[in-house]
Amino acid sequence: MSQKKLILVGAGPGDPELISLKGIKALQRADVVLYDALVHTDLLDYAEKAEKIYVGKRNGEHNASQEEINKLIVHHALQNKIVVRLKGGDPFIFGRGQEELEYAQQFDIATEVIPGISSATGIPALHNIPLTKRGSNESVWITTGTTSACKLSGDIEIAAKSSATVVVLMGMSQLSKIISIFKKFRGEELPVAVIQNGSLQNERSVTGTIADIEKLVAEHHIKSPAIIVLGEVVENSSNYMMQEKAHAGKFPGKKI
Ligand SMILES: C[S@@+](CC[C@H](N)C(=O)[O-])C[C@H]1O[C@@H](n2cnc3c(N)ncnc32)[C@H](O)[C@@H]1O
């Protein structure tokens, strides 16, 4: 019986324990695993019998192009293999998962998607930041900071005009522009968290407000990969309370 199959598996935001049980079972069945830079390599231990192929980018090394990845998937699957495409977070949140599925389907390769915990939702939760909170916000936006043309996404301004909690991925190179847009529409006191390498041992984060977040990011050398969370709900973060103590008196009415 033909096994040729592509399984897109979300690896979760970083901590290898945040993958799903279904994702682990897929790794155990895999003949080939193609994995990205944001995937924790401990997860590869579950894929005992698989050939493991790194297709990500680290420290400026050459990375496989999307076309090369698509071709690798098809090349292996057409040999009657189960190919697991292991991607950071959730494959369908800024993960180009759909492109890989569609490419494989042209070759009559069966496909399956196993969702993952996205950095956009999982990392705020790990920081005790509820993305929605009754009475605080009516929606959550997950946006990219940077478009495929390396420009600031126009959606940032639309999001800033709403009451939403906004989670920006791939936004660190656009931080100044993002902050100035939010300053215009939400004011200087809006709480902001920036979290690098969330859920991993080398995680670094700062919380503050529109007024001081850029300074904090620079002082603490926070860099990509990071998420930027903007909204009143960031007040619930335990780090925010610490920050608040450092800025005693700046947040009137909030108990510390
Ligand atoms: C190409 S997107 C992939 C997102 C992924 N599919 C997800 O659902 O998390 C990469 C961006 O996700 C964010 N990201 C992913 N993992 C992260 C982590 N552990 N800590 C902070 N940000 C992370 C960063 O903004 C990074 O630039």
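Everything below is about the structure shown above.
Scope of this entry: the structure provided in the associated data block. These figures come from a predicted structure and were not determined experimentally. (Residues numbered from 1 in each chain as written. Predicted model: local features only at pLDDT ≥ 70, side-chain atom pairs only at ≥ 80, totals over all residues. Heavy atoms only, no water.)

Secondary structure summary: the chain contains 8 helices and 10 strands in total. The C-alpha atoms of the chain give 20 Å as radius of gyration, which agrees with the globular expectation for 256 residues (18 Å, within 12%). Projected onto its principal axes, the C-alpha positions of the chain cover 70 × 35 × 35 Å. Taking all 256 residues of the chain together, the buried fraction comes to 46%. Pairs at least 24 apart in sequence give 65% of the contacts found in the chain among residues at least 6 apart. Looking at the chain as shown, the accessible area adds up to about 12900 Å², and 51% of this sits on carbon and sulfur atoms. Between the averaged position of the 29 positive side-chain charges in the chain and that of its 29 negative side-chain charges there is a distance of 2 Å. (Helix = DSSP H or I, 4+ residues; strand = E, 2+ residues; numbered from the N terminus. Rg over C-alpha atoms; globule rule 2.2 N^0.38 Å. Buried < 20%, exposed > 50% of the residue type's maximum accessible area, 1.4 Å probe, protein only. Contact = heavy atoms within 4.5 Å. Areas by Shrake-Rupley, 256 points an atom, 1.4 Å probe, with all protein chains shown as cover. Lys, Arg positive; Asp, Glu negative; His and termini not counted. Charge placed at Lys NZ, Arg CZ, Asp CG, Glu CD.)

So, about the packing of aromatic side chains. Per the stated rule, a full pass over the model turns up 2 aromatic pairs. Seen in terms of ring centroids, Y103 and F107 are 5.4 Å apart; in terms of plane orientation they differ by 45°. Their pairing is tilted. (Phe/Tyr/Trp six-rings, centres within 6.5 Å; stacked < 30°, edge-to-face > 60°.)

Here H76 lies in helix α2 (residues 66-77). Among residues more than four places away in sequence, those in contact with H76 are V32, E51, I53, K81 and V83.

The next subject is unusual backbone geometry. With an omega of 0°, the peptide bond running from S224 to P225 counts as cis. Backbone geometry places F94, a non-glycine residue, at a positive phi of 45°. Position of F94 relative to the elements: it lies in the loop between β4 (82-87) and α3 (97-105). Looking at F94, the relative accessible area reads 42%, which means it is partly exposed. With a phi angle near 55°, H221 is a residue other than glycine that sits in the positive phi range.

Let's shift gears to the site of the ligand. Near the ligand you find 18 residues, and of these P13, I93, S118, S119 and A226 are the closest. Within the backbone of P13, one N or O atom sits 2.7 Å away from a nitrogen atom of the ligand. A distance of 2.8 Å separates a nitrogen atom of the ligand from a polar atom in the backbone of G198. Considering the ligand on its own, with 570 Å² of exposed area, one finds that the protein chains cover 89% of that surface. Contributing elements (two or more residues each) for the shell around the ligand: α4 (119-126) and β10 (226-230). (Near = heavy atom within 4 Å. Polar contact = N/O pair within 3.5 Å; in protein donor to acceptor, adjacent residues only side chain to side chain.)

By size, the foremost hydrophobic cluster in this structure holds 24 residues, and its most contacted members are F182, V194, I213, V217, I228 and L230. Among the elements of the structure, α5 (155-161), β7 (165-169), α6 (175-186), β8 (191-196), α7 (213-219) and β10 are those that each provide at least two residues to this core. The element that contributes the greatest number of residues to this core is α6, accounting for 5 residues. With near-sequence residues (within four places) excluded, V194 lies in contact with M172, R204, S205, V206, I213, V217, I222, A226, I227 and I228. Listed in part, the 19 residues of the second largest apolar core include L44, V84, L86 and I114. (Core = buried A, V, L, I, M, F, W, Y, C linked by side-chain atoms within 4.5 Å.)

A cluster of nonpolar side chains, contributed by F94, V140, I142 and M170, occupies part of the molecular surface with about 320 Å² of accessible area. Tracing the chain through its elements places V140 in strand β6 (residues 140-144). (Patch = residues over 30% accessible without salt bridge, like charges linked within 9 Å, V, L, I, M, F, W, Y side chains within 5 Å. Salt bridge = Lys/Arg side-chain N within 4 Å of Asp/Glu carboxyl O.)

Moving on, we get to α3. All of the buried residues in α3 are G97, E100, L101 and A104. Considered in projection along α3, the buried side chains sweep an arc of 100° and stay on one side of the axis. For α3, the elements touching its buried residues are β1 (5-10), α2, β4 and β5 (110-114). (Arc of directions from axis to C-beta.)

Okay, the pattern of salt bridges next. Pairing between side chains becomes possible if they bear opposite charge and their charged atoms approach one another. Summed over the entire model, instances satisfying the criterion amount to 10 salt bridges. Here K49 and D31 are joined by a salt bridge, their closest N and O atoms 3.2 Å apart. Here K49 is found in the loop between β2 (32-35) and β3 (51-54), whereas its partner D31 is found in the loop between α1 (21-29) and β2, with 18 residues between them in sequence. For K49, a relative accessible area of 52% corresponds to the exposed category. For E100, the salt bridge is made with R85, and the minimal N-O distance between the two is 2.9 Å. Of this pair, E100 sits in helix α3 while R85 is found in strand β4, placing the two residues 15 residues apart along the sequence.

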